[in-house]
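Here is how the chains run, residue by residue.
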Amino acid sequence: MGPDLKKQFFVVGGFYDPSQLPKTKLESNAWEQALTATGDYRELRPINVDPGYLTLTKLVLASAKDRAHRIYMSDGIYEEECLYYLNHGWQSRPWTYPDYQRYDFQLFFTETRELLKREIAQAERQPEAHAGDVSGGHNAVVECSQALKELRHSSRGPSGEIV
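Notes on the structure follow. (Residues numbered from 1 in each chain as written. Predicted model: local features only at pLDDT ≥ 70, side-chain atom pairs only at ≥ 80, totals over all residues. Heavy atoms only, no water.)

Overview of the overall build of the protein chain
In step 1: Within the protein chain, the secondary structure is distributed over two helices and seven strands.
In step 2: Burial statistics for the protein chain: of 163 residues in total, 42% are counted as buried.
In step 3: In the protein chain, once contacts between residues fewer than 6 apart in sequence are set aside, the share between residues at least 24 apart is 64%.
In step 4: Carbon and sulfur atoms make up 54% of the accessible area of the protein chain, which totals about 9,400 Å². (Helix = DSSP H or I, 4+ residues; strand = E, 2+ residues; numbered from the N terminus. Buried < 20%, exposed > 50% of the residue type's maximum accessible area, 1.4 Å probe, protein only. Contact = heavy atoms within 4.5 Å. Areas by Shrake-Rupley, 256 points an atom, 1.4 Å probe, with all protein chains shown as cover.)

Quick look at the structure:
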């Protein structure tokens, strides 16, 4: 991924069906392969997209790699609970990546959790507008690790952010 690795998180508004995580991961793998196939980047893997979802109680990520703590979903895709929410804060597991234990990352996840709480409350106030949507109240969170120094894409702002 290169020496100037940057990580960026995106939250997709609305509710996400966790059973779609394998499909989402396969789509993100296809995006990675398509970008790599352009040959426009020095890195062998210029982007790494790790989709997942956040609930009020946990953050779950998808992976194509099997490990003892990962649960097989379908189509070669596994999921793992990276963090869980307890006693007003995020708690890690022995397998939680070190960066997910960072204060700034967990602050972002807490802010996302608060957004989800508001969306759930709104859906409960207006059930007809969200019929069948709540699905346990999951927000999609996508992690996008990028070697931004090497990416020269027309949809990037002056500081490398995706616009």
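Having seen the model, we can carry on.
With respect to the packing of aromatic side chains
In step 1: For the structure on display, the rule yields 12 aromatic pairs.
In step 2: Ring geometry for Tyr 72 versus Tyr 78: centroids 5.2 Å apart, planes at 70 degrees, classification edge-to-face.
In step 3: We classify Tyr 72 as partly exposed; its relative accessible area is 46%.
In step 4: A cation over an aromatic ring shows up here: Arg 113 above the ring of Tyr 85, its NZ or CZ 3.6 Å from the ring centre. (Phe/Tyr/Trp six-rings, centres within 6.5 Å; stacked < 30°, edge-to-face > 60°. Lys NZ or Arg CZ within 6 Å of the ring centre and 35° of its normal.)

A look at the nonpolar core
In step 1: Ranked by internal contacts, the top residues of the largest apolar core, which has 15 residues, are Leu 54, Leu 59, Leu 83, Trp 90, Tyr 100 and Phe 109.
In step 2: Mapped onto this core, the elements with two or more residues apiece are β3 (58-63), β5 (77-86) and α2 (103-125).
In step 3: A total of five residues in this core trace back to one element, the largest contributor, which is α2.
In step 4: By size, the runner-up hydrophobic cluster in this structure holds six residues, among which are Tyr 16, Leu 21, Val 60 and Ile 77. (Core = buried A, V, L, I, M, F, W, Y, C linked by side-chain atoms within 4.5 Å.)

Re unusual backbone geometry
In step 1: A positive phi angle is found at Asn 87, which is not glycine, with a value near 55 degrees.
In step 2: The topology assignment puts Asn 87 in the loop between β5 and β6 (89-92).
In step 3: Look at His 88: it is not a glycine, yet its phi comes out positive at around 65 degrees.
In step 4: Tracing the backbone shows His 88 in the loop between β5 and β6.
In step 5: A relative accessible area of 77% means that His 88 is categorised as exposed.

Concerning the pairing of β6
In step 1: Relative to β6, β5 runs antiparallel, the two sharing four bridges. The residue of β6 that forms the bridge with Tyr 84 is Gln 91. (Pairing = 2+ DSSP bridges.)

What to know about the pairing of β5
In step 1: Counting buried positions along β5 yields seven of 10 residues, so the element is predominantly enclosed.
In step 2: Relative to β5, strand β4 (residues 71-74) runs antiparallel, the two sharing three bridges. Each residue of the ladder has a partner; that of Ile 71, found in β5, is Glu 79.
In step 3: Adjacent in sequence and paired antiparallel, β4 and β5 are bridged by two residues, among which Asp 75 carries a positive phi angle near 50 degrees.
In step 4: Here β5 folds back onto β6 in antiparallel fashion, the turn holding two residues, of which Asn 87 has a positive phi close to 55 degrees.

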